[in-house]
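Breakdown of the fold
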Amino acid sequence: MSLADVTARLRAAERAAGRPEHSVTLIAVSKVQPDARIDAVLGQGHRVFGENRVQEAGRHWQARAAELRDLELHLLGPLQSNKARQAFELFDAMHTLDRPKLADALARLAQEHGRCPDLFVQVNTGKEPQKAGIMPGEADAFVARCRQLDLPVIGLMCIPPIDAPADEHFRMLAAIAERNDLSGLSMGMSGDFEAAVAAGATHVRVGSAIFGEREPG
Ligand SMILES: *Cc1c(COP(=O)(O)O)cnc(C)c1O
């Protein structure tokens with residue numbers, strides 16, 4: 001697997017779904033990857049990356065971001081309110097807005113900075129107790145609340161349960177987005193990004209299929 005393979009598969013999935021070429025953004029998930037692999041993917045010209053943790057993202061990207069004007073960084077992991085400021089300054093987009101307290105914190109930062117990263121509301125489509133995300137039944141009200149706070153919510157994000165077919169979760173997320181007039185859909189990972197594109201994904205988050213397996217530790 002490599003960036004070239006994943007890109008080719010993504011373009012094929014767009015065609016198969018009858019969607020315009022490049023309508024799906026490929027986020028290369030660089031969490032827990034060694035510098036050499038990150039630099040290899042950068043060397044191939046890719047500029048859109050995702051990370052799970054604010055601190056690790058700083059280590060990977062603070063210096064590189066200073067040199068790369070066109071870098072686009074997405075936060076994909078849970079965000080604690082006390083790390084919101086640091087995240088706000090590093091990331092171009094955040095996919096894990098999932099609770100009122102975090103919405104309030106981001107709204108304050110947006111006021112202060114006069115700008116805000118693009119935001120995706122994370123929905124816990126499988127209603128899994130251990131997983132982050134707003135419950136599907138509360139999503140409409142939460143999106144409305146974020147809009148009242150003037151937050152730039154551009155879409156929804158989900159991580160389907162490991163042991164269930166992802167398709168129905170992708171479709172559920174697409175339905176919630178549609179009725180809330182949201183065009184962004186962050187869904188699909190290494191194992192299922194083609195199915196996500198078929199269901200309307202605008203952003204797929206692919207790690208191991210690009211970089212190779214993550215090494216433990
Ligand atoms: C790690 C991660 C990914 C990428 O997973 P792969 O299976 O390696 O493609 C995507 N999204 C989130 C939220 C992740 O934490």
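One structure accompanies this document, and this report is about it. (Residues numbered from 1 in each chain as written. Predicted model: local features only at pLDDT ≥ 70, side-chain atom pairs only at ≥ 80, totals over all residues. Heavy atoms only, no water.)

1. Digging into the layout of surface pockets
- Here the largest pocket is characterised by a volume of approximately 390 Å³.
- Contributing to the lining of the largest pocket are 19 residues, with Lys31, Asn52, Leu76, Ile159 and Met189 lying nearest its centre.
- Considering only residue class, the lining of the largest pocket consists of seven nonpolar, eight polar and four charged.
- Its volume calculated, the second largest pocket comes out at about 220 Å³.
- Around the second largest pocket, the lining comprises 13 residues; the ones closest to its centre are Pro160, Pro161, Ile162, Met189 and Asp192. (1 Å grid on protein atoms, 1.4 Å probe; cavity = no way out; pocket = protein on both sides within 12 Å on 5 of 7 lines; lining within 4 Å. Points joined across faces, edges and corners; volume = space filled by probe spheres on them. Nonpolar A, V, L, I, M, F, W, Y, C, P; charged D, E, K, R; others polar.)

2. Some remarks on unusual backbone geometry
- A positive phi angle is found at valine 32, which is not glycine, with a value near 55 degrees.
- When its relative accessible area of 35% is taken as the criterion, valine 32 is described as partly exposed.
- The phi dihedral of aspartate 150 falls on the positive side, at around 65 degrees, and the residue is not glycine.
- As for its placement among the helices and strands, aspartate 150 is situated in the loop between helix H6 (139–148) and strand S6 (153–157).
- Take aspartate 150: its relative accessible area is 69%, and that puts it in the exposed class. (Buried < 20%, exposed > 50% of the residue type's maximum accessible area, 1.4 Å probe, protein only. Helix = DSSP H or I, 4+ residues; strand = E, 2+ residues; numbered from the N terminus.)

3. Looking at the site of the ligand
- The immediate surroundings of the ligand are formed by 13 residues, with Lys31, Ser190, Gly207, Ser208 and Arg214 found nearest.
- Between the ligand and asparagine 52 there is a distance of 3.0 Å, counted from an oxygen atom to a side-chain nitrogen or oxygen.
- One of the side-chain nitrogen or oxygen atoms of serine 190 is found 2.5 Å away from an oxygen atom of the ligand.
- With respect to the pocket detection grid, the ligand is positioned in the largest pocket.
- Looking at the shell around the ligand residue by residue, the classes come out as six nonpolar, four polar and three charged. (Near = heavy atom within 4 Å. Polar contact = N/O pair within 3.5 Å; in protein donor to acceptor, adjacent residues only side chain to side chain. Sits in = over half its atoms within 2 Å of the grid points.)

4. With respect to helix H1 (residues 3–16)
- Over its 14 residues, H1 runs 20 Å from end to end, which matches the ideal 20 Å to within 8%, given 1.5 Å per residue.
- Within the span of H1, buried status applies to Leu3, Val6, Leu10, Arg11, Ala13 and Glu14. The buried residues of H1 all sit within an arc of 160 degrees when viewed along its axis, so they share a single face. Those residues of H1 that are exposed and aimed more than 90 degrees away from the buried face are Ala4, Arg15 and Ala16.
- Between the side-chain oxygen at the start of H1 and the backbone nitrogen of alanine 4 there is a gap of 3.3 Å, and the oxygen is on serine 2.
- Positive phi appears at glycine 18, one or two residues downstream of H1, with a value of about 70 degrees. (Expected span 1.5 Å × (residues − 1). Arc of directions from axis to C-beta.)

5. Digging into empty space enclosed by the protein
- Within this structure, the stated rule accounts for one cavity of 30 Å³ or more.
- Of the volumes computed, that of the largest cavity is approximately 30 Å³.
- Taken together, Leu79, Met94, Thr96, Leu97, Leu102, Leu106 and Leu119 form the lining of the largest cavity.
- In terms of residues, the lining of the largest cavity owes the most to one element, strand S4 (residues 93–97), which gives three residues.
- Class assignment for the residues of the lining of the largest cavity results in six nonpolar, one polar and no charged.

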